[in-house]
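# Chains, contacts and geometry: an overview
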Amino acid sequence: MPVGANQAVRESTASEVIGKVPGTFVRCVTKNQNFLHGAILSSIMNYRNLVLILARGRFLLILGLLITAHPVGAVEKISLHALFKEKAIILVDGTRRVLKTGDTSPEGVKLISTDTQEEKAEIEVDGKPQELRLGVVISSFVSTGKSSVTLYPERGGHFFADGLINGVAVRFMVDTGATTVAINSATADRIGLDYRRQGRPGFASTAGGVVRTYYMKLDNVQVGDIKLYSVDAAVTEGSSLREVLLGMSFLGQLDMKRDGEKMELTQRY
């Protein structure tokens, strides 16, 4: 039976894959009053387009998450840039983060509290509490197996660090000329050291003259994530020492590196 040119074109077009159906084909079917067929084809095309849009949206969402995600435990350095009431500006691996108390940065650093008088902030990283001080960089979060702390000079070019003695917070001044960790008696009383009974009495020469001193072992001394046990210390009577001197009984067990203006302390294993 003879086939018209228009019919051949329509049948040839109808044999194409649905995903490549041109709009002219749908209009052609509708023009020939086959409304049901045209509606079905239109629905298929709309469904196909919807699936493509959803798939593209999912891909972009996953791509965005991959770009913005920060591996847990990959934080290298954290420092306190500025401090306010219930808010702090923290540099996390060089990225500026403005956090309110209770907020957590994309890197997993959570701000717990701020203290503008003491110029410090308490944070939490991987469930571990840490204390930040202005001008002090903590770099003990790298999974290298070695804990380290980076310090920058403060007044008079001295290096200071906040830490713990037997779990009690103290302010250290790094002193490579001090043989032991040196503490005045007022600070020793605050820590709860029974130096008069447990210490070995002696004398030491200070800037204020010769003072009575008690030599003893501290249970533990901690700076950042570096924690050492059974550390030699000397408790001097009076208040001649303003800060606790972080001497060689602690520093001598670490690797110390000066790089320009900064000092890096790394624990040995």
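Residues numbered from 1 in each chain as written. Predicted model: local features only at pLDDT ≥ 70, side-chain atom pairs only at ≥ 80, totals over all residues. Heavy atoms only, no water.

## Thoughts on the overall build of the protein
Which entries qualify depends on this criterion: Only DSSP runs of H or I reaching four residues or more are called helices, and only runs of E reaching two or more are called strands; each is numbered from the N terminus. Two residues qualify as a contact provided that any one of their heavy atoms is within 4.5 Å of a heavy atom in the partner residue. The method behind every accessible area is Shrake-Rupley, applied with a 1.4 Å probe, and residues are considered shielded solely by the protein chains displayed.
Scanning the protein from N- to C-terminus turns up six helices and 17 strands. Intrachain contacts of the protein at a sequence separation of at least 6 include 47% that bridge at least 24 residues. When the accessible surface of the protein is totalled, it reaches about 15900 Å², and 54% of it is carbon and sulfur.

## Observations regarding the pairing of strand β10 (residues 168–174)
The two faces of a sheet get side chains in turn, since along a regular strand they alternate between them. To be explicit about the condition: DSSP bridges decide pairing: two strands pair if at least two such bridges lie between them.
Pairing of strand β9 (residues 160–165) with β10 involves six bridges; the strand directions are antiparallel. Considered in β10, the bridge of Gly 163 is made with Val 170.

## Re the confidence of the model for the protein
Quick note on the threshold: Per-residue confidence from the prediction method is given by pLDDT, with values spanning 0 to 100.
The predicted model of the protein has a mean per-residue pLDDT of 75, with 67% of residues at 70 or higher. Looking across the protein, the model is least confident in helix α2 (residues 23–31), with a mean pLDDT of 44, and most confident in helix α6 (residues 248–251), with 96. Under a pLDDT of 50 for its full length, residues 5–33 has, in the predicted model, 23 contacts with residues more than four places off or in other chains. Counting interchain partners and residues more than four positions distant, the pLDDT-below-50 stretch residues 59–73 has eight contacts.

## Some thoughts on the packing of aromatic side chains
Just so we agree on the cut-off: Two aromatic rings, drawn from Phe, Tyr or Trp (for Trp, its six-membered ring), form a pair once their centres lie within 6.5 Å of each other, and the interplanar angle then sorts them: stacked below 30 degrees, edge-to-face above 60, tilted otherwise. Relative accessible area decides the class of each residue, using a 1.4 Å probe on protein chains only: under 20% of the type maximum gives buried, over 50% gives exposed, and in between gives partly exposed.
Here the structure, examined in full by the defined rule, presents one aromatic pair. When the centroid spacing of 5.4 Å and the interplanar angle of 55° are considered together, the rings of Tyr 195 and Tyr 214 count as tilted. Placement of the pair is Tyr 195 in helix α5 (residues 195–198) and Tyr 214 in strand β13 (residues 209–223), with a sequence separation of 19 residues. Residues Tyr 195 and Tyr 214 agree in their burial class; the two are buried.

## A few points about the pattern of salt bridges
Condition: A side-chain nitrogen of Lys or Arg and a carboxyl oxygen of Asp or Glu constitute a salt bridge if their distance falls within 4 Å.
Inspection of the entire model under this criterion finds nine salt bridges. For Lys 217, the salt bridge goes to Asp 232, with nearest N and O atoms at 2.8 Å. With Lys 217 in strand β13 and Asp 232 in strand β14 (residues 226–236), this residue pair connects regions lying 15 residues apart in the sequence. The partly exposed category is assigned to Lys 217, whose relative accessible area is 47%. Given a relative accessible area of 34%, Asp 232 falls into the partly exposed group. With its nearest N and O atoms 2.9 Å apart, the salt bridge here joins Asp 255 to Arg 268. Of this pair, Asp 255 sits in strand β16 (residues 254–259) while Arg 268 sits in the segment after β17 (262–267), and the two are 13 residues apart along the sequence. You can call Asp 255 partly exposed: its relative accessible area is 35%. Through salt bridges with shared partners, a single network forms among Glu 154, Asp 162 and Arg 171.

## A word on the nonpolar core
Heads up, the rule is: Note on terminology: a nonpolar core comprises buried Ala, Val, Leu, Ile, Met, Phe, Trp, Tyr and Cys residues joined through side-chain atoms within 4.5 Å.
The biggest cluster of nonpolar side chains holds 31 residues, and the ones touching the most others in it are Ile 165, Phe 172, Val 181, Ile 183, Leu 193, Leu 246 and Phe 250. Contact partners of Phe 250, with chain neighbours within four places excluded, come to Val 181, Val 221, Val 223, Ile 226, Leu 228 and Val 231. Counting residues in hydrophobic clusters, the runner-up holds 14 residues, among them Ile 90, Val 92, Ala 121 and Ile 123.

## Structural notes on unusual backbone geometry
The backbone phi angle of Asn 166 is positive, close to 55°, even though this residue is not glycine. On the secondary structure map, Asn 166 appears in the loop between β9 and β10. The backbone of Ser 230 sits at a positive phi, close to 55°, despite the residue not being glycine. Secondary-structure assignment places Ser 230 in strand β14.

## Regarding the environment of Val 210
Inspection of the secondary structure assignment puts Val 210 in strand β13. Note on Val 210: relative accessible area 62%, which makes it exposed. Val 210 sits 26 residues away from Thr 236 along the chain, and the two C-alpha atoms are 9.8 Å apart. Beyond its immediate stretch of four places on either side in the chain, Val 210 contacts Phe 203, Ala 204 and Ser 205.

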